[in-house]
Amino acid sequence: MRATRALIHLDVFRGNIRIVRNRVGPARRLCVPVKADGYGHGAVPMARTALEEGAAFLAVATVGEGEQLREAGITAPILLLSIPIPEEIPELIANKLTPLVGDGDFIRSLAAVVKGDPLPVHLKVDTGMGRVGCPPASAAEMAALIAGLRSLKLEGVATHLAVSDSLEPDAVRYTKEQLARFSGAVSDIRKAGIDPGIVHAANTGAVAFHEDAFFDMVRPGILLYGYAPEGAETVLPVKPVMELVSRIVFIKQVKKGETVSYGRTWTADRDTTIATIPVGYGDGLPRRLSGNFSVRINGGVYPLAGRICMDQCMVDLGQNNLGPSTAFKENGAIRRWDTVTIFGGDAPSAADVAAKLGTISYEITCGINKRVPRVYT
Ligand SMILES: *Cc1c(COP(=O)(O)O)cnc(C)c1O
């Protein structure tokens, strides 16, 4: 029943998936990343919806995230994108996760633990992300190592792109170089007489800008949650899935010269009306937005007054809204208990919020924490 909630529009998510499928064509498989609790949207509902829309794979970052999906009854293949520590390997195997592997030590320690059916793995090639994976020159050797182990099965080969979401000439050139190295590694594997299986590389940026990265499967994350890279908005008219809303819980009059919130950074420059909203940095609304943020109420735009607190923030409704504090309706515009949209919906999106802070939409949606109920619509 909490006022502050993240509305998750599953119909919008479905629409975004269809937009991506149209873009990449029906022959390509879709892998839907649901790491970090589905980019903050809730891993299990997003995973279920993605599978209903025909996703072939899900992807997570941690073994625990994969286990959560299995416990919810999800049986689809789940790629494990990040490297677990040795202690997590039994749980990885028990949950039938599909790890991305890229080094001999890890491959051998996995193989030593698998009993029964061979465990499918995907070989990760580091073509220039500089994070994990084998160098392109040793891809064939790694593939041969996997192929030679009875307990493992090479099911796919993957790489990850560092600047695919940028149309800057340097970034485009770098992405083409990464893709050339990747194609070279895949062809080395084939030349060694080994079937690379499902070849995949495309994250959001590549789905937007690099058709030569589509291969057999694509893995866009943030695009499916509704944020296209700059310059791709018309080709990929996805919409934000998350809408963060709250309610006005208190309204009062403030006289010119009075201050609002910690640090007294905000002083009323005229008599005005202040509304209190029960959302703060304790919910994941970044405190650095203080002094640089507005919310939407009944179609109007109202700036925050003073610092964002842990659990609350205040909004300046302006002079036109002067009225009694408990039944506020001067102007007929805004009353106590009215809904406030913080981002998404008819308000600017999480990407716009992120831009104010010099960060990315991912950090904003992932940052909305557990205290905020997700309400699926
Ligand atoms: C997170 C991740 C993706 C998805 O990235 P987006 O930028 O959200 O599209 C794809 N592949 C790997 C390996 C990842 O870690």
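Residues numbered from 1 in each chain as written. Predicted model: local features only at pLDDT ≥ 70, side-chain atom pairs only at ≥ 80, totals over all residues. Heavy atoms only, no water.

Colleague: Looking at this structure, I do not really get the overall build of the chain. What am I missing?
Modeller: For the chain, the count of helices and strands is eleven helices and 19 strands. Of the roughly 16,400 Å² of accessible surface on the chain, 52% is carried by carbon and sulfur atoms. Across the chain, 42 positive and 39 negative side-chain charges occur, with their mean positions spaced 4 Å apart. (Helix = DSSP H or I, 4+ residues; strand = E, 2+ residues; numbered from the N terminus. Areas by Shrake-Rupley, 256 points an atom, 1.4 Å probe, with all protein chains shown as cover. Lys, Arg positive; Asp, Glu negative; His and termini not counted. Charge placed at Lys NZ, Arg CZ, Asp CG, Glu CD.)

Colleague: Sorry if this is basic, but what is going on with the sheet that holds strand E16 (residues 300–303) here?
Modeller: Note: strands within a sheet are paired through backbone hydrogen bonds, in either parallel or antiparallel orientation. Ordered by their spatial adjacency, six strands build an open sheet running E16-E15-E18-E10-E1-E19, and the pairing between neighbours is mixed. The sheet is open, and its two borders are formed by E16 and strand E19 (374–376), each paired with just one other strand. Across the sheet, the mean angle separating the axes of adjacent strands is 35° when strand polarity is ignored. In terms of strand pairing, strand E15 (residues 294–297) meets strand E18 (residues 339–343) through two bridges, oriented antiparallel. Residue pairing for E18: Ile-297 is matched across the bridge by Val-340. (Pairing = 2+ DSSP bridges. Axes fitted to C-alpha atoms, helices over the stretch in contact; angles between N-to-C directions.)

Colleague: Would you explain unusual backbone geometry in this entry?
Modeller: Generally, phi is negative for residues other than glycine and the peptide bonds are trans, each holding for most cases. Phi angles above zero are rare outside glycine, and Asp-37 is one such case at about 50°. Note on Asp-37: relative accessible area 35%, which makes it partly exposed. With a phi close to 50°, Lys-96 is a non-glycine residue in the positive phi region. Secondary-structure assignment places Lys-96 in the loop between helix H5 (89–94) and strand E5 (98–101). By relative accessible area, which is 62% here, Lys-96 ends up exposed. (Buried < 20%, exposed > 50% of the residue type's maximum accessible area, 1.4 Å probe, protein only.)

Colleague: Help me out: how do you make sense of the site of the ligand in this one?
Modeller: In the vicinity of the ligand, 13 residues are found, and the nearest of them are Lys-35, Tyr-39, Thr-204, Gly-221 and Tyr-362. Within the side chain of Lys-35, a nitrogen or oxygen atom sits 2.7 Å from an oxygen atom of the ligand. Look at the ligand: alone it shows 390 Å² of surface, and the protein chains cover 92% of it. Considered class by class, the residues forming the shell around the ligand number six nonpolar, four polar and three charged. (Near = heavy atom within 4 Å. Polar contact = N/O pair within 3.5 Å; in protein donor to acceptor, adjacent residues only side chain to side chain. Nonpolar A, V, L, I, M, F, W, Y, C, P; charged D, E, K, R; others polar.)

Colleague: What am I meant to see in helix H8 (residues 169–191) here?
Modeller: Side chains that are three or four residues apart share a direction in an α-helix, a result of its 3.6 residues per turn. Counted at 1.5 Å a residue, the expected span for H8 with its 23 residues is 33 Å, and the 33 Å between its end C-alpha atoms agrees. All of the buried residues in H8 are Ala-171, Thr-175, Gln-178, Leu-179, Phe-182, Ala-185, Val-186 and Ile-189. Residues of H8 that are buried in the fold lie against strand E6 (119–124), helix H7 (139–147), strand E7 (152–158) and strand E8 (198–202). One or two residues past the end of H8 sits Gly-193, with phi positive at roughly 80°. (Expected span 1.5 Å × (residues − 1). Contact = heavy atoms within 4.5 Å.)

Colleague: For this particular structure, what's the right way to read the environment of Ala-55?
Modeller: Inspection of the secondary structure assignment puts Ala-55 in the loop between helix H3 (43–52) and strand E3 (57–60). The sequence separation of Ala-55 and Leu-30 amounts to 25 residues, and the corresponding C-alpha distance is 5.0 Å. Among residues more than four places away in sequence, those in contact with Ala-55 are Arg-21, Leu-30, Val-32 and Ala-50.

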